[in-house]
Amino acid sequence: MTSAVRVSCGLYKMVLLTYPRDFRLRFGSEMATTFSDQICGEWEHSGLPGVARVWRCALREVLCVAVPLQLQNSIVIATSLALLSSLALFMAVFHAMTHMCNGE
Amino acid sequence: MIGCSGNESQLFVLSPQRDVDMVKRLSFASQMLKDPDSTRWGWSQYSHGKNFLTIYLILIYQYQIYVMPSANRIPDDLQHLLPLTPAVFFILFALADGDKHGYAIMQSVSRISDNQFRMGPGTLYTTIQRLLDLDLIAETESAGGQSDHESRRRYYKLTRTGKTILTADISRMESVVRLAREKKLVPKTSE
């Protein structure tokens, strides 16, 4: 196995962290094995462009699959809403203070 | 082809030929009941024609209820799956010719879709999870090879319900293609 393939497999294990914990426990090792097979196959047939294609697909799946799965979890939704509302409040206060300073 | 039986609205999966035969027999029988003289076989000459016909209809009904294998019925809770999504269809289709592990399913899907439909491990395993939960596929007992890499593989097989729903979707597509041919939307040479 070449270093490119080894690095890819290692990085994919980190990408797997974006998937929900239950799903990862059930299918994580199998997904890593399948990704490794996919990378090896593409490396042999198409070289670097093939590996890039596999990575593009894997990263697209983070947005299209992992994020919606995470959003099904109510804890994640609550945390995200809390962060967003805090950010909105901070921005509002910051905007108001900027106006006050400019007024003076 | 999916047919509807009586007031119970039970759905059956029939082979296309058997379905056509059944529809022909039922339409002939209903026409007989309405107007026995109109049929060219001259059933009206029989004095007990209607009684005979009633028994015939009851036998057809009994056949649909008891003789037809219950395995061919699509459970009500799976009706919403039709038409199947591309990922579900291709995974079920890939498993139709034998047990496969994840990577083999991916390769098979690539091949049968002529590289038009590609999926990564994320799409593959979320769909597999859904299909396992719906009992459309099952994990097989057979273990992988001796190596660590092989032993981490899990093999999946199509269940009877999975096969039924796949057949129903293929029949639906056949009907669509047949209609498209009638409307001359697809060339007849593609048969």
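Quantities reported herein were computed from a predicted structural model and do not represent experimental measurements.

Q: How should I be thinking about the overall build of chain B in this particular structure?
A: The number of helices and strands found in chain B is 7 helices and 5 strands. Looking at the 191 residues of chain B, the share that counts as buried comes to 20%. The contacts of chain B with a sequence gap of at least 6 include a subset with a gap of at least 24, amounting to 52%.

Q: Honestly, the sheet that holds strand 4 (residues 137–139) of chain B in this entry has me stumped. Any pointers?
A: Sheet strands pair by backbone hydrogen bonding; their relative direction is either parallel or antiparallel. As summarised here, the arrangement of the 3 strands in space is 3-5-4 (chain B), forming an open sheet in which the pairing is antiparallel. This sheet does not close on itself; its edge strands, each paired only once, are strand 3 (100–101) and strand 4 of chain B.

Q: How do you make sense of the confidence of the model for chain B when you look at a structure like this?
A: As a note on interpretation, predicted positions should not be read in detail where pLDDT is low. All names here are of chain B. Per-residue confidence for chain B gives a mean pLDDT of 76, with 63% of residues at or over 70. The low-confidence segment residues 1–14 (pLDDT under 50) makes 32 contacts with residues lying over four places distant or belonging to another chain. The complex prediction reports pTM at 0.66, with the ipTM value standing at 0.76.

Q: Sorry if this is basic, but what is going on with helix 4 (residues 74–103) of chain A here?
A: Two residues of an α-helix separated by three or four positions point the same way, owing to the 3.6 residues in each turn. Between its terminal C-alpha atoms helix 4 of chain A stretches 43 Å, which fits the 44 Å expected from 30 residues at 1.5 Å a residue. Of all 30 residues that make up helix 4 of chain A, 0 are buried, and the element is exposed over most of its length.

Q: Honestly, the nonpolar core in this entry has me stumped. Any pointers?
A: Soluble globular proteins: nonpolar side chains tend toward being buried together. I91, L92, L95, I105, V109, I128 and I137 of chain B are the most contacted members of the largest nonpolar core, which totals 34 residues. Elements with a contribution of two residues or more to this core: helix 2 (21–45) and helix 3 (48–71) of chain A together with helix 3 (86–95), helix 4 (102–112), helix 5 (121–133), strand 5 (155–158) and helix 7 (160–182) of chain B. The element contributing the most residues to this core is helix 3 of chain B, with 6 residues. Aside from chain neighbours lying at most four places away, what touches L92 of chain B is L136, L158, G162 and L166 of chain B.

Q: Please explain the interface of chain A and chain B as it appears in this structure.
A: How big an interface is tends to be stated in terms of the accessible area lost upon association of its parts. At the junction of the two partners, chain A supplies 16 residues and chain B supplies 16 residues. Mapped onto the side of chain A that touches chain B, the elements with two or more residues apiece are helix 2 and helix 3 of chain A. The element best represented in the side of chain A that touches chain B is helix 2 of chain A, accounting for 10 residues. Looking at the side of chain A that touches chain B, its residues break down into 9 nonpolar, 4 polar and 3 charged.

Q: Just checking my understanding: could you explain the packing of helix 3 of chain B against helix 4 of chain B for this structure?
A: What describes two packed helices is the angle between their axes and the distance between those same axes. Residue and element names in this part refer to chain B. As a packed pair, helix 3 and helix 4 sit with axes 9 Å apart at the nearest point and diverge in direction by 105°. Relative to helix 4, helix 3 is oriented roughly perpendicular. For the pair helix 3 and helix 4, the contacting residues are F90, I91, F93, A94 and L95 in the first and I105, S108, V109 and I112 in the second. Of the residues belonging to the contact of helix 3 with helix 4, the class tally is 8 nonpolar, 1 polar and no charged.

Q: Mind showing me how you'd approach the environment of K157 of chain B here?
A: Considering the arrangement of structural elements, one finds K157 of chain B in strand 5. Other than its neighbours up to four places away in sequence, K157 of chain B contacts L95, D99, I137, A138 and T140 of chain B.

Q: Teacher, can you tell me more about unusual backbone geometry here?
A: Here L82 of chain B and P83 of chain B are connected by a cis peptide whose omega angle stands at -5°. Counting through the fold element by element, P83 of chain B comes out in the loop between helix 2 (49–67) and helix 3.

Q: Can you walk me through the packing of helix 3 of chain A against helix 5 of chain B in this structure?
A: At a minimum axis separation of 9 Å, helix 3 of chain A and helix 5 of chain B run at an interaxial angle of 35°. The residues of helix 5 of chain B that touch helix 3 of chain A, namely those facing E61, V65, A66 and L69 of chain A, are G122, T123 and T126 of chain B. Looking at the contact of helix 3 of chain A with helix 5 of chain B, its residues break down into 3 nonpolar, 3 polar and 1 charged.

Q: Explanation requested: the pairing of strand 5 of chain B in the structure shown.
A: Along any regular strand the residues' side chains alternate between the sheet's two faces. All names here are of chain B. Every second residue of strand 5 is oriented toward a common face, the buried set being Y156 and L158 and the non-buried set Y155 and K157. Summarising the sheet, strand 3 and strand 5 pair through 2 bridges and their orientation is antiparallel. Bridge pairing links K100 to Y156 in strand 5. Here strand 4 runs beside strand 5; their pairing, made up of 3 bridges, is antiparallel. Following the sheet pairing, E139 is matched in strand 5 by Y156.

Q: Please clarify how the environment of E30 of chain A should be interpreted in this entry.
A: By the element assignment, E30 of chain A lies in helix 2. Residue classification places E30 of chain A among the partly exposed residues on the basis of 19 C-beta atoms within 10 Å. When near neighbours in sequence (up to four residues on either side) are disregarded, E30 of chain A contacts G102, Y125, R152 and R154 of chain B.

Rules and cut-offs
- In this numbering scheme, every chain counts its residues from 1 along its sequence in written order.
- To label them, take the chains in the order written and letter them from A, then take the ligands in the order written and number them from 1.
- Given that the model is predicted, a residue must reach a pLDDT of at least 70 before its local features are reported, and side-chain atom pairs must reach 80 or more before they are shown or counted; all residues, however, enter totals for whole chains, interfaces and linings.
- Strands are runs of DSSP state E lasting at least two residues, helices are runs of H or I lasting at least four, and both sets are numbered from the N terminus onward.
- In this scheme the burial state of a residue depends on its C-beta neighbours within 10 Å: 20 or more other such atoms mean buried, 12 or fewer mean exposed, and anything in between means partly exposed; the C-beta positions come from the backbone.
- Residue pairs are scored as contacts if the distance between their C-beta atoms, which are placed from the backbone, is within 7 Å.
- We treat two strands as partners when DSSP finds at least two bridges between them.
- pLDDT: the predictor's confidence for each residue, scored from 0 to 100.
- The span you would expect from a helix comes to 1.5 Å times its residue count less one.
- Each nonpolar core reported here comprises buried Ala, Val, Leu, Ile, Met, Phe, Trp, Tyr and Cys residues connected via C-beta atoms within 7 Å.
- Residues were grouped as follows: Ala, Val, Leu, Ile, Met, Phe, Trp, Tyr, Cys and Pro as nonpolar; Asp, Glu, Lys and Arg as charged; and all remaining residues, including Gly, as polar.
- Interaxial angles span 0 to 180 degrees and are taken between N-to-C directions of axes, which are lines fitted to C-alpha atoms, for helices over the stretch in contact.
- Should an angle lie under 35 degrees it is considered roughly parallel, over 145 roughly antiparallel, and from 65 to 115 roughly perpendicular; all remaining angles are considered oblique.

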